Amino acid sequence: MTKFAKILLLILLSSIFSCEKPQINNGINQQEQTSIGTINATTTYIGTSTAKWCRYFICDINQLDLIMTLTQQIHEACMNGDYKGSLILSNTLIHSIQPIYKETSDNSRLSYNIAPGTYIVMSERRINYDYANIYPEKTDVTMLGTFGYLYKVIQVESGQTYNVAFVFQDYKPQ
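Please read all numbers here as calculations on a predicted model, not as lab measurements.

Trainee: Would you take a moment to explain the overall build of the protein for this structure?
Mentor: Scanning the protein from terminus to terminus reveals four helices and nine strands. The contacts in the protein between residues at least 6 apart in sequence include a share of 76% that link residues at least 24 apart. For the protein, the accessible area works out to roughly 10,800 Å², and carbon and sulfur atoms hold 54% of it.

So, in structure tokens, the structure goes:
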């Protein structure tokens, strides 16, 4: 090989091995780490239910109309004392959505890393509807323990952490 070709080969090899490579940290390269955001969610409960768990769902924004409609219908059914109707609607909601991620939590906290985008974060928790004030003649419908749903829409950006807080409370119609 000519001296010129050897020098070119040496330059080529040194440039290949000296290229900056992404650093690896716990199996995830640095470029991947900076292209995700983090969602932290907490759920607080004010009421009489002894259940301590909650469930979180992270859904694509395209499911917003479905989630908005069904959560409102569930609340309205519960406000009217329609326990069976609220359960049917709750089951419809849970089986109709296609979450990107879901998690049941006993400590009411969620932390999840996700690609940038717009998402719905939804929390489900057991709450009580107290009907003693509006149905005093009905002794079988004084308290309804059922599922409540709250949701928020968030925009996740790369390298950012987003805190979402949900506050559930028992419902007592006046």
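Trainee: Teacher, can you tell me more about the sheet that holds strand S3 (residues 37-46) here?
Mentor: Backbone-to-backbone hydrogen bonds join strands into a sheet, with any given pair of strands oriented parallel or antiparallel. Across the sheet, three strands lie side by side as S6-S3-S9; this open sheet has mixed pairing. Looking at strand neighbours, the two that pair on one side only are strand S6 (109-114) and strand S9 (161-169), the edges of this open sheet. Within the sheet, the average angular offset between the axes of one strand and its neighbour, ignoring direction, is 15°. Pairing between S3 and S6: six bridges, direction antiparallel. The residue of S6 that forms the bridge with isoleucine 39 is tyrosine 112.

Trainee: Could you clarify how one ought to interpret the nonpolar core in this entry?
Mentor: Among soluble globular proteins, nonpolar side chains are generally buried collectively. Counting residues in hydrophobic clusters, the biggest one holds 32 residues, and the most contacted among them are Ile39 and Leu93. Elements supplying a minimum of two residues to this core: S3, strand S4 (54-60), helix H3 (64-79), helix H4 (83-96), S6, strand S7 (117-130), strand S8 (143-156) and S9. The dominant element in this core, judged by the number of residues it contributes, is S7, at six residues. For leucine 93, the contacting residues outside a window of four places in its chain are Ile67, Leu70, Thr71, Ile74, Met122 and Tyr149.

Trainee: Whenever I open this one, unusual backbone geometry confuses me. Can you help?
Mentor: Only a minority of non-glycine residues have a phi that is not negative, and only a minority of peptide bonds are not trans. Unlike most non-glycine residues, serine 108 shows phi in positive territory, near 60°. By relative accessible area, which is 14% here, serine 108 ends up buried.

Trainee: Mind showing me how you'd approach H4 here?
Mentor: An α-helix turns once every 3.6 residues. As a result, residues three or four positions apart point the same way. With 14 residues, H4 extends 20 Å between its outermost C-alpha atoms, agreeing within 8% with the 20 Å of an ideal straight helix rising 1.5 Å per residue. For H4, the full list of buried residues reads Gly85, Ser86, Leu89, Ser90, Leu93 and Ile94. Taken around the axis of H4, the buried residues stretch over an arc of 165°, which confines them to a single face. Turned more than 90 degrees away from the buried face of H4 sit Lys84, Ile88 and His95, all of them exposed.

Trainee: What is the right way to read the pattern of salt bridges from this model?
Mentor: Once the charged atoms of two side chains with opposite charge are near each other, the side chains can pair. With the rule as written, the count across this model stands at one salt bridge. Where glutamate 124 meets arginine 55, a salt bridge forms, and the shortest distance between an N and an O atom there is 2.7 Å. Of the two residues, glutamate 124 sits in strand S7 while arginine 55 sits in strand S4, which places them 69 residues apart along the sequence. Glutamate 124 sits in the buried class, given a relative accessible area of 2%.

Trainee: Looking at this structure, how should I read the packing of aromatic side chains?
Mentor: For any pair of aromatic rings, geometry is given as the distance between the ring centres together with the angle between the planes. Counted by the stated rule, this structure contains three aromatic pairs. Relative to phenylalanine 147, the ring of tryptophan 53 has its centre 6.0 Å away and its plane inclined at 55°; by these criteria the two rings are tilted. Here phenylalanine 147 lies in strand S8 and tryptophan 53 lies in the loop between S3 and S4, a separation of 94 residues in the sequence. When the centroid spacing of 4.1 Å and the interplanar angle of 20° are considered together, the rings of tyrosine 101 and tyrosine 112 count as stacked. On the criterion of sequence distance, the pair formed by tyrosine 101 in strand S5 (residues 101-105) and tyrosine 112 in strand S6 is long-range, its members being eleven residues apart. Residue classification places tyrosine 101 among the partly exposed residues on the basis of a relative accessible area of 25%. Sitting over the face of the ring of tyrosine 45, arginine 125 holds its NZ or CZ atom 3.9 Å from the ring centroid. Of note, arginine 126 hangs over the ring of phenylalanine 147, and the distance from its end group to the ring centre comes to 5.4 Å.

Thresholds, definitions, all that
Residues numbered from 1 in each chain as written. Predicted model: local features only at pLDDT ≥ 70, side-chain atom pairs only at ≥ 80, totals over all residues. Heavy atoms only, no water. Helix = DSSP H or I, 4+ residues; strand = E, 2+ residues; numbered from the N terminus. Contact = heavy atoms within 4.5 Å. Areas by Shrake-Rupley, 256 points an atom, 1.4 Å probe, with all protein chains shown as cover. Pairing = 2+ DSSP bridges. Axes fitted to C-alpha atoms, helices over the stretch in contact; angles between N-to-C directions. Core = buried A, V, L, I, M, F, W, Y, C linked by side-chain atoms within 4.5 Å. Buried < 20%, exposed > 50% of the residue type's maximum accessible area, 1.4 Å probe, protein only. Expected span 1.5 Å × (residues − 1). Arc of directions from axis to C-beta. Salt bridge = Lys/Arg side-chain N within 4 Å of Asp/Glu carboxyl O. Phe/Tyr/Trp six-rings, centres within 6.5 Å; stacked < 30°, edge-to-face > 60°. Lys NZ or Arg CZ within 6 Å of the ring centre and 35° of its normal.

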